[in-house]
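Here's the letter readout for the chains.
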Amino acid sequence: MLLNVQKKLNLSIVLMAAAVVAGAVVVNAEVSYHLVRFPEIDSRGYIAITDSGVIVAGNSAMVMLLEPARDVAGNPVWDSDSDGIADGYAVTTLNPGAYQDTFAWSVNESLDVVGFGSNPYEGRVALLWVNAPAGNPPVELGRTLEADIEFPKKMINVDAISINELGQVLVREWVEDWSGDVPWFLWAISLVNPKDTDSDGVPDVWFEGEDGFNDLMVNLAIRGPDLGGCINCSVGSINNCGEVAGMLSDPSASGFVIVPEDTNGDGEPDLWFKDLNGDGWNDLAKDLGPNIDTVTLSDSGVVVATEIVGTAGNFLRWQIGESGNVDLVAVEEGACYMQGVNNMGQAVGYTDRSWGNHRLWTTYLWEPDLTTINLYDLLDNPSRTAESLQCSDISNTGCIVGTIMDDAWEDTDAFVAVPIAGNTGPEVSVSSPEEGATFDSGATINFSGTAHDAEDGDLTGDLVWTSNIDGQIGTGGSFSATLSDGIHTITASATDSGGKAGSDSISITVGTAPPEVTVDGITPDTMQAGTSMAVTIGGSGFVAGATVTFENGLGVAPSANVTSVSGETIEAAVTAHKNAKPGVLWDVRVTNPDASSDVLVGGFTVTK
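Residues numbered from 1 in each chain as written. Predicted model: local features only at pLDDT ≥ 70, side-chain atom pairs only at ≥ 80, totals over all residues. Heavy atoms only, no water.

(A) Just the overall build of the protein chain, in detail. Counting secondary structure elements, the protein chain contains zero helices and 48 strands. Put simply, the protein chain has 608 residues, and 48% of those count as buried. Partitioning the contacts of the protein chain with sequence separation of at least 6, the portion at a separation of at least 24 is 54%. Of the roughly 26,300 Å² that the protein chain leaves accessible, carbon and sulfur atoms contribute 50%. (Helix = DSSP H or I, 4+ residues; strand = E, 2+ residues; numbered from the N terminus. Buried < 20%, exposed > 50% of the residue type's maximum accessible area, 1.4 Å probe, protein only. Contact = heavy atoms within 4.5 Å. Areas by Shrake-Rupley, 256 points an atom, 1.4 Å probe, with all protein chains shown as cover.)

Structure (structure tokens):
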């Protein structure tokens, strides 16, 4: 049963510049809580948080799921009344009454929330709220450690939990053994692989086993007394490809990425744990090196982490390839603790430093090219010297979540950072010739257009004109040119002083038009995710240089490499991503070099 919270959750909006030149960060409003935590935000803006200052039904911490309100177009409403306070979130409370404390860690696209609850008799128990907004009570995930622990057999002493879109839950359990002369610590990282028994695409079996052990769990890593135990080991996250990132410390920190294997070729990882030498460690894990902390990864295989060097931390970035190789691609010395990365490769993190008697954090955003944006620096805001900004995650749409806290952690304010336009690009218009105009071979064609920028004014003289067939054909507001025969896409473009570009395009025909492009079919029309195969596309009007693309589906689109083209046939090698969604129909489009094209609607399917 859901519990009501007798106060409105107001999220402060931090307006974040989308580029370095866009400038300042403005804090509009905050509402104080006690140790609010924003562990994660999903691609649609849903957030699972913990408010440690709320006491409801005997609990000293409150788990809440925040759902972004949406307008008629389906876009999140952040501040509909423009009062400076984010009112675009609906709050659902998820606390179970049987636990002293409950904490949220992660939420997936099905709105399943995972976290843990503290029981005074059993320690911390892993909890799962299946489809949290439905009001279902949480379920406890069964324990899997092969250790001598008395009843009850539950997932106890658990933290660092993550859940992905596939319903896979990542957990870490810590056990102390005081049976010998010297106590040691045993920890294990485990994975829950839920079952979809009715094949509707939604996990409906989360755990099995009458003995209390979860038969759907597998150990990803375990460290026993013969290896010295483990101190301060943690799991970063699991992505939607089933890849896992984390770090261990025994006693020196070491980062790792687990890239599971697909041994039966069905496109889904089926080999998670492989211990060939008996050391309790997963041989599928890729070593990220020593002195690593705060590891996290995206669906696109971007891995970010902090390398601890003295009291400072370097920012490291890796890329997981289709082959499973993990390659270090960037190092930013003297950076900060990394907290999140999205599928575009944008990463967020924060510094930790002291200023007088105050402990301060400064939050940064790294673009994929390592361009750095300082989101908030207290030294630039002297009126707020006792407070600091600490980010925790970034969504695929660029929204950042985190907390603003004082140096004693006694008051914290939730915040959501949303990107704003900053500098706008020029508005460009082609006035002549008209769209669809036709000209004889060798004709002189007159071109004219305008460009205006909100910040720079008239940029008509800076226009650059190009043809997709002949390349650059002119500059300025008007000129004349003779073009090759064919169907031309003419583009006029201008760039302002801030680096933003604007353009306008038309299509014209010179000479005799080429045959119309038609796409009649593709053979075969079905393939498995994570595989490649040869296809034949039939139709008419194909010319050398034609390309094949897949459009209007859900998830990652297949890719095509054209190997040969004749007038009525295209041969191509098609590859489906290992994380492609099954059963999705894709449109098949053939495009000639002159931009003429045709599409076969719903002509191709990817399966698991």
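(B) Focus on unusual backbone geometry. Residue Pro433 follows Ser432 across a cis peptide bond; omega there is 0 degrees. As for its position among the elements, Pro433 is in the loop between strand E32 (427-432) and strand E33 (438-439). For the peptide bond that leads from Thr523 to Pro524, omega is -10 degrees, which places it in the cis range. Structurally, the position occupied by Pro524 is in the loop between strand E41 (518-523) and strand E42 (526-528). Even without being glycine, Leu111 reaches a positive phi, approximately 65 degrees. Inspection of the secondary structure assignment puts Leu111 in the loop between strand E9 (101-107) and strand E10 (113-119).

(C) Representation of the sheet that holds E42. With respect to topology, four strands assemble into an open sheet ordered E42-E48-E47-E44, the strand pairing being mixed. The open sheet has two free edges, formed respectively by E42 and strand E44 (547-551), since each of these has just one partner strand. The mean inter-strand angle of the sheet, taken between neighbouring strand axes irrespective of direction, is 35 degrees. Looking at chain direction, strand E47 (residues 584-591) and strand E48 (residues 597-607) are connected through seven bridges and run antiparallel. Residue Val588 lies in a different strand from E48, and its bridge partner there is Leu600. (Pairing = 2+ DSSP bridges. Axes fitted to C-alpha atoms, helices over the stretch in contact; angles between N-to-C directions.)

(D) Fine view of the confidence of the model for the protein chain. Summary statistics for the protein chain give a mean pLDDT of 75 and a share of 69% for residues scoring 70 or more. Highest mean pLDDT in the protein chain belongs to E41 (96); lowest belongs to strand E2 (residues 26-27) (32). Below pLDDT 50 for its whole length, residues 1-33 participates in 104 contacts with residues either more than four positions away or in separate chains. For the stretch residues 378-386, pLDDT sits under 50, and the model shows 20 contacts to residues farther than four places along the chain or on other chains. (pLDDT = per-residue confidence, 0-100.)

(E) Fine view of a negative patch on the surface. There is a patch of like negative charges on the surface, built from Glu455, Asp456, Asp458 and Asp462. For Asp458, the position within the fold is in strand E35 (residues 457-458). (Patch = residues over 30% accessible without salt bridge, like charges linked within 9 Å, V, L, I, M, F, W, Y side chains within 5 Å. Salt bridge = Lys/Arg side-chain N within 4 Å of Asp/Glu carboxyl O. Lys, Arg positive; Asp, Glu negative; His and termini not counted. Charge placed at Lys NZ, Arg CZ, Asp CG, Glu CD.)

(F) The arrangement of the sheet that holds strand E39 (residues 486-495) in detail. Pairing within the open sheet is mixed, and its five strands lie in the order E33-E40-E39-E36-E37. Each edge of the sheet is formed by a strand with only one pairing partner; in this case those strands are E33 and strand E37 (471-475). Examined bridge by bridge, E39 and strand E40 (residues 501-510) share ten bridges and lie antiparallel to one another. Of the residues in E40, the one forming a bridge with Thr491 is Ser505.

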